[in-house]
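Single-letter residue listing:
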Amino acid sequence: MNEHREVAVGAEARRFAGWKLHGDGRHISPGTVVAPDERLSWPATIGIGAQHVVAMFGATFLVPLITKFDPATTLFFSAVGTLLFLVITGGRVPSYLGSSFAFIAPIAAASNLFGQSSALGGIISVGVLLAIVGLVVHFAGAKWIDIVMPPTVTGTIVALIGFNLAPEAWNNVQLAPLTAVVTIASIVLITVLFRGLVGRLSILLGVLIGYATAAIRGEVEFDAVRDAQWFGLPDFTAPTFEPATLGLFLPVVLVLIAENVGHVKSVAAMTGQNLDDVTGRALFADGVATVLAGSGGGSGTTTYAENIGVMAATRVYSSAAYLVAGLVAFLLSMSPKFGAVVATIPAGVLGGAATVLYGMIGMLGVRIWVQNRVNFSDPVNLNTAAIALVIGIANFTWVVGDMRFEGIALGSAAALLIYHVMRQIARVRGTSQEAASPASAPAGTELEEGSLRREQ
């Protein structure tokens, strides 16, 4: 067994060290894709790698700007995490690790209570737990994740995180309503006016248009940009650990698990490769990357859907492109002036972009329900989502001694507890699903045709 494992690891190391050239390196034949262990010519690969940096840019920088983390530091650990992810997964899972929006609410709460360094300690705790989950999945398989976190629960947790952040978006919108509206309108129009990569970069382009609007209106301060150096290391911050913040951060692990597993499954589906055996390593890699980020002042990381879009548009799934993306991001993080430019993005632009992005996160949870055909005529599913969403959106808060649990933590716990307790009792009592009725299916889509006709 050990010999087979050593042979497999050696083969992966060789594959990661040198990618096969796809065809002539310049063209992709109809119906084919560039696989993770292949590459185009290096000029083409560098161009696509740069596109991945652009794709992650808007969302990745929005997190440190909202949480008041240093953008250059966040980019530095994002780059290091991406390169580390490629090494740990043997180059088999093309992925960029950008800032996770699931961290915004707990970072804000912890920073207000104990300072920014305590938020970094919370990020580290999430990374450690995610790495442990990755090890368990690697050796025991991922089936238990589906049992503990079925689509009803996963969709609910993702949705409540997005909607829980809505007040943060509104706070920024109020500071510059016109700029925020221009940013939102730009994102929406670019999405439907343009096809391909331009349409997929609607958030980044909308932010640039909003930024230009804010600059014209005198809402941007450039003093820090003029004073910043062109080259230099980002600012690093040491973490501190406050046990009271654990209740705020640990539920984020559930979201990161869902995002990483979903990413691996998406890549597998699009490339036609079976990547189940690397799921544990993907989780472990993201966990380690998050630990590193928290150790020096960066935000927690996750696999990025924006970059899935680039791969789908280009049909290039080469991990070599992500090697380039990681190196480009690393070089950009070495320019304090670049970080200073990012930090000048004003509140109105942030509020507009956040309105779109937070809503998208919430609707991603809904999409999980739709794609997995979650049946809300089943009272177990209905109560799980209903109660957890209200807890998350209203930001219920429970303080126990030094521990503080807010909406995301309580909502996530409620989703898990309500689903599994109700499901178990329903199975024992034989009440797993109510009969469909006009109340449970107002549109009639879950009923057989004619099943509600009144008897004559």
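Note that the structure is predicted; figures quoted are calculated from it, not measured. (Residues numbered from 1 in each chain as written. Predicted model: local features only at pLDDT ≥ 70, side-chain atom pairs only at ≥ 80, totals over all residues. Heavy atoms only, no water.)

J.: Can you lay out a nonpolar patch on the surface for me, pointing to particular residues and giving the numbers?
T.: On the surface, Val128, Leu129, Ile132, Val136, Trp144, Ile147, Val148, Leu246 and Leu250 cluster together into a nonpolar patch covering about 670 Å² of accessible area. Those elements that provide at least two residues to the nonpolar patch are helix H5 (116–140) and helix H6 (143–148). Considering every element that reaches the nonpolar patch, the biggest residue donor is H5, with four residues. Along the chain, Leu246 turns up in helix H13 (residues 246–249). Residue classification places Leu246 among the partly exposed residues on the basis of a relative accessible area of 32%. (Patch = residues over 30% accessible without salt bridge, like charges linked within 9 Å, V, L, I, M, F, W, Y side chains within 5 Å. Areas by Shrake-Rupley, 256 points an atom, 1.4 Å probe, with all protein chains shown as cover. Salt bridge = Lys/Arg side-chain N within 4 Å of Asp/Glu carboxyl O. Helix = DSSP H or I, 4+ residues; strand = E, 2+ residues; numbered from the N terminus. Buried < 20%, exposed > 50% of the residue type's maximum accessible area, 1.4 Å probe, protein only.)

J.: Talk me through the layout of surface pockets; I want residue IDs and the actual numbers.
T.: Taken as a whole, the second largest pocket spans an internal volume of roughly 290 Å³. Leu65, Ile66, Thr67, Lys68 and Glu168 are, among the 16 residues lining the second largest pocket, the residues nearest its centre. Secondary-structure elements contributing two or more residues to the lining of the second largest pocket are helix H2 (42–67), helix H4 (104–114), helix H8 (166–175) and helix H19 (347–371). The residue makeup of the lining of the second largest pocket, split by class, is eight nonpolar, six polar and two charged. (1 Å grid on protein atoms, 1.4 Å probe; cavity = no way out; pocket = protein on both sides within 12 Å on 5 of 7 lines; lining within 4 Å. Points joined across faces, edges and corners; volume = space filled by probe spheres on them. Nonpolar A, V, L, I, M, F, W, Y, C, P; charged D, E, K, R; others polar.)

J.: Can you explain the environment of His22? Please cite residues and give values.
T.: Along the chain, His22 turns up in the loop between strand E1 (20–21) and strand E2 (38–39). Assessed through its relative accessible area of 10%, His22 is described here as buried. Along the backbone, His22 and Ser41 are 19 residues apart, and their C-alpha atoms lie at a distance of 8.3 Å. Not counting chain neighbours up to four residues away, the residues in contact with His22 comprise His27, Ile28, Ser29, Thr32, Val33, Val34, Glu38, Arg39 and Leu40. (Contact = heavy atoms within 4.5 Å.)

J.: Go over the packing of aromatic side chains, please, and point to the residues and values.
T.: Tallied over the entire structure, the rule returns six aromatic pairs. With 6.2 Å between their ring centres and 85° between their planes, Trp19 and Trp42 make a pair best called edge-to-face. A residue pair is termed long-range when its members are at least 10 positions apart, and Trp19 in the loop between helix H1 (2–17) and E1 and Trp42 in helix H2 qualify at 23 residues. Exposure remark for Trp42: the relative accessible area of 35% places this residue in the partly exposed category. (Phe/Tyr/Trp six-rings, centres within 6.5 Å; stacked < 30°, edge-to-face > 60°.)

J.: Which residues make up empty space enclosed by the protein, and what values go with them?
T.: A full pass over the atoms with the stated rule returns two cavities of 30 Å³ or more. Taken as a whole, the largest cavity spans an internal volume of roughly 70 Å³. Every residue lining the largest cavity is listed: Ala105, Pro106, Ala109, Asn164, Leu248, Asn395, Glu406, Gly407, Ile408 and Ala409. Those elements that place two or more of their residues in the lining of the largest cavity are H4 and helix H21 (407–429). Of the residues contributing to the lining of the largest cavity, the split by class is six nonpolar, three polar and one charged.

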